[in-house]
Structure formats: structure tokens, C-alpha cells
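Read off the chains here:
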Amino acid sequence: RGVRRGLGIALVFTILLAVVVLLITLTIPEVLAQANSLVEQEPVLRERLAILLTSWRATASLAGSLRQINYAALFGSSAHLAMSTSIRVFELVAYGVGAVFLALYVMLDRDRLRGALFAIVPRQQHIPLSRIMLNLERIVGGYIRGQVITCVLMAAFIFVLLSIFHVKNALAIAVMSGVADVLPYIGGVLILVPALLATISMGPVVLTTVGVSILVYQEAENRLLIPLVYGRAL
């Protein structure tokens with residue numbers, strides 16, 4: 001937009017850093033508190049789900065299995081789980097920091113890196129390589145922007161929906177739903193189930209309203225939002 005490259009990159013990363021810090025400050029403490037509350041409520045929520053399954057003959061046999069879940073057998077000891085989780089979190093943070101600095105380096109040295117790439121590719125392949133690089137920049141950038149938009153919209157919808165019914169832990173569930181929206185097929189289930197578990201105690205009307213609303217939004221996202229948001233870039 002007419003801004004010098006160095007200044008433009010500095011502005012982009014400064015704004016990105018400010019947004020990340022703001023999001024962490026405003027949401028992470030609340031999300032952690034609500035996630036901890038969800039973990040503490042897990043036995044009660046699981047029992048509610050078991051009772052719900054018992055009410056239908058087709059799913060009654062699943063209720064007993066649900067009540068007998070042994071988390072120690074599934075995940076191992078608490079110490080081992082905490083250690084493996086800590087290592088995984090550290091890896092994710094390290095990859096994230098590495099990706100940011102790599103992106104900064106690529107942006108600062110883009111022309112030199114492009115020249116090095118062309119230098120190792122045979123001259124007769126330079127035109128196809130140019131087309132590939134242009135398409136990668138357009139398509140990958142468009143896909144990432146589209147993914148961010150749809151995930152944010154999903155999280156906002158879930159938060160507003162659950163807040164209307166005064167559901168506890170609405171923010172934590174909304175954040176999890178936004179992350180789960182990235183996953184194809186299984187993401188829809190990971191969005192629907194926590195919301196239903198959180199509203200089981202509020203009666204069948206609220207439970208049905210929340211479930212139907214999420215299913216309708218997911219269908220609208222698949223049929224309308226995704227073609228609109230992704231189609232223009234991809």
C-alpha cells in the first residue's frame with residue numbers, strides 16, 4: 001500500500017503481537033478457569049449423559065459403559081499424563097515461536113530467498129516455478145484467512161448461543177468449538193457434544209434448542225459461509 005517493506009513488516013508484527021497479548025490477557029485466564037471447572041464437573045456431566053442414554057432403548061447399553069470409563073487405563077498415571085502434556089505444550093509453543101520468526105525472516109529476505117530458489121532450479125523450469133509460487137501465495141494465504149474467519153465466527157456463535165441461556169463455561173466451550181471447527185468431519189461432533197452436555201440440566205427445551213441451533217449453523221456454514229469465504233480465494 002505504498003509503505004516501505006521494513007516499516008510495513010514492523011507494523012504487521014507489532015499489531016499481531018498486540019492482538020495476541022490482548023487475547024491472552026482477556027481470555028486465557030477465564031478459559032483456564034472454565035476449563036478447570038469443566039474437568040471438575042465431568043463426573044456429573046457424564047452421569048447426566050448416561051441417564052439420557054438410558055432413556056432410549058437403542059442407546060441404553062452405552063450408559064453402563066459410559067459410567068465405567070477408567071481414565072487411568074486410558075491415559076496412564078497422572079504424573080505421566082502431566083509430563084507428556086507439558087512436553088507437548090512446550091513443543092507447540094516452540095513450533096509457534098519458530099514459525100513466527102521464520103515468517104519474519106522469509107518476509108524480510110523474500111527477494112533473496114526467491115533468487116536462491118530460482119538459482120537451484122533449471123532455467124527451463126522458471127516459468128512453471130513462477131506460476132506455482134504465485135498460486136501458493138494466493139491459495140495458501142486465502143485458505144488460512146478463510147479458516148481463521150470461519151473459526152472465529154463459529155466461536156462467536158457458540159458463545160452468544162450459550163450466553164443467551166446463561167450456560168456456565170460458555171467462553172471455554174466457545175474457544176474449544178472454534179479450534180474444533182478446523183477439523184473436518186469430527187469437528188462437528190466435538191462442537192456439538194460439549195454444548196449439549198453443558199445444557200442437559202436445563203431441560204429438554206433448552207437442550208433441543210441449542211442442539212438444533214448448532215446443527216443449523218453448521219449446515220449454513222458448510223453450504224453458505226465456506227463456499228463464500230473460501231471460494232473467492234481458492
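Structure: above.
Values in this document were obtained by computation on a predicted structure and should not be read as measured data.

How each quantity is defined
Residues numbered from 1 in each chain as written. Predicted model: local features only at pLDDT ≥ 70, side-chain atom pairs only at ≥ 80, totals over all residues. Heavy atoms only, no water. Helix = DSSP H or I, 4+ residues; strand = E, 2+ residues; numbered from the N terminus. Buried < 20%, exposed > 50% of the residue type's maximum accessible area, 1.4 Å probe, protein only. Contact = heavy atoms within 4.5 Å. Areas by Shrake-Rupley, 256 points an atom, 1.4 Å probe, with all protein chains shown as cover. 1 Å grid on protein atoms, 1.4 Å probe; cavity = no way out; pocket = protein on both sides within 12 Å on 5 of 7 lines; lining within 4 Å. Points joined across faces, edges and corners; volume = space filled by probe spheres on them. Nonpolar A, V, L, I, M, F, W, Y, C, P; charged D, E, K, R; others polar. Axes fitted to C-alpha atoms, helices over the stretch in contact; angles between N-to-C directions. Parallel < 35°, antiparallel > 145°, perpendicular 65-115°, else oblique. Left-handed = near helix turned anticlockwise from the far one by under 90°. Polar contact = N/O pair within 3.5 Å; in protein donor to acceptor, adjacent residues only side chain to side chain. Phe/Tyr/Trp six-rings, centres within 6.5 Å; stacked < 30°, edge-to-face > 60°.

Student: Got a minute to help me understand the overall build of the chain in this structure?
Tutor: When helices and strands are counted, the chain shows nine helices and zero strands. The linear arrangement of helices and strands in the chain, starting from the amino end, is α-α-α-α-α-α-α-α-α. For the chain, the C-alpha atoms occupy an extent of roughly 70 × 45 × 35 Å along the three principal directions. Residues classed as buried in the chain amount to 24% of the 234 residues present. Pairs at least 24 apart in sequence give 57% of the contacts found in the chain among residues at least 6 apart. For the chain, the accessible area works out to roughly 16,300 Å², and carbon and sulfur atoms hold 72% of it.

Student: Teacher, can you tell me more about the layout of surface pockets here?
Tutor: In this approach, a probe sized like a water molecule rolls over the atoms, and the result shows the empty space that is left. Reported here for the second largest pocket is a volume of approximately 270 Å³. Secondary structure elements with two or more residues in the lining of the second largest pocket: helix 6 (126-164), helix 8 (186-199) and helix 9 (204-231). If you tally residues by element for the lining of the second largest pocket, the top one is helix 9, at five residues. In terms of residue class, the lining of the second largest pocket is built from 10 nonpolar, six polar and two charged.

Student: Please explain the packing of helix 7 (residues 170-180) against helix 8 as it appears in this structure.
Tutor: Any two packed helices are characterised by how steeply their axes cross, that is the angle between the axes, and by the distance between the axes. Contact pair helix 7 / helix 8: the axes reach a minimum separation of 8 Å and the direction vectors enclose 165 degrees. In terms of orientation, helix 7 and helix 8 fall into the roughly antiparallel class. Crossing of helix 7 over helix 8 shows left-handed handedness. Where helix 7 abuts helix 8, its residues I173, S177 and A180 lie against G187, L190, I191, P194, A195 and A198.

Student: Mind showing me how you'd approach the side chain of T150 here?
Tutor: Within the element layout of this structure, T150 appears in helix 6. Looking at T150, the relative accessible area reads 2%, which means it is buried. Here Q147 takes part through its backbone oxygen, which lies 3.1 Å from a polar atom of the side chain of T150. Beyond its immediate chain neighbours, meaning those up to four positions away, T150 contacts D181, E221, I226 and Y230.

Student: Would you explain the packing of helix 8 against helix 9 in this entry?
Tutor: Packing of helix 8 against helix 9 brings their axes to within 9 Å, and their N-to-C directions diverge by 165 degrees. With respect to each other, helix 8 and helix 9 are oriented roughly antiparallel. Both helix 8 and helix 9 take part in a crossing whose hand is right-handed. Contact with helix 8, carried on its side by G188, I191, L192, A195, L196 and T199, involves V206, L207, V210, G211, I214, L215 and Q218 of helix 9 and no other residues of that element. In terms of residue class, the contact of helix 8 with helix 9 is made up of nine nonpolar, four polar and no charged.

Student: Please explain unusual backbone geometry as it appears in this structure.
Tutor: What is expected of a backbone is that most residues other than glycine have negative phi and most peptide bonds are trans. Residues other than glycine seldom take positive phi values, yet H166 does so here, at roughly 55 degrees. H166 sits in the exposed class, given a relative accessible area of 68%. With a phi angle near 65 degrees, Y185 is a residue other than glycine that sits in the positive phi range. If you trace the backbone, Y185 turns up in the loop between helix 7 and helix 8. Look at Y185 and you get exposed, because its relative accessible area is 82%.

Student: Would you mind going over the environment of A170 with me for this structure?
Tutor: Residue position: A170 is located in helix 7. Take A170: its relative accessible area is 6%, and that puts it in the buried class. In the structure, A170 is positioned 50 residues away from I120 in sequence and 53 Å away in space, judged by C-alpha atoms.

Student: I tried to follow the packing of aromatic side chains on my own but got confused; where do I start?
Tutor: Remark: the centre distance and the inter-plane angle together describe each pair of aromatic rings, the angle taken between the planes. Using the criterion set out here, one finds two aromatic pairs in the structure. With a centroid separation of 5.8 Å and 65 degrees between ring planes, the pair formed by Y143 and Y230 is classed as edge-to-face. With a gap of 87 residues between them, Y143 in helix 6 and Y230 in helix 9 connect regions that are remote in the sequence. Ring centres 4.3 Å apart and planes at 10 degrees place the aromatic pair F157 and Y217 in the stacked group. Note that F157 is positioned in helix 6 and Y217 in helix 9, a separation of 60 residues in sequence.

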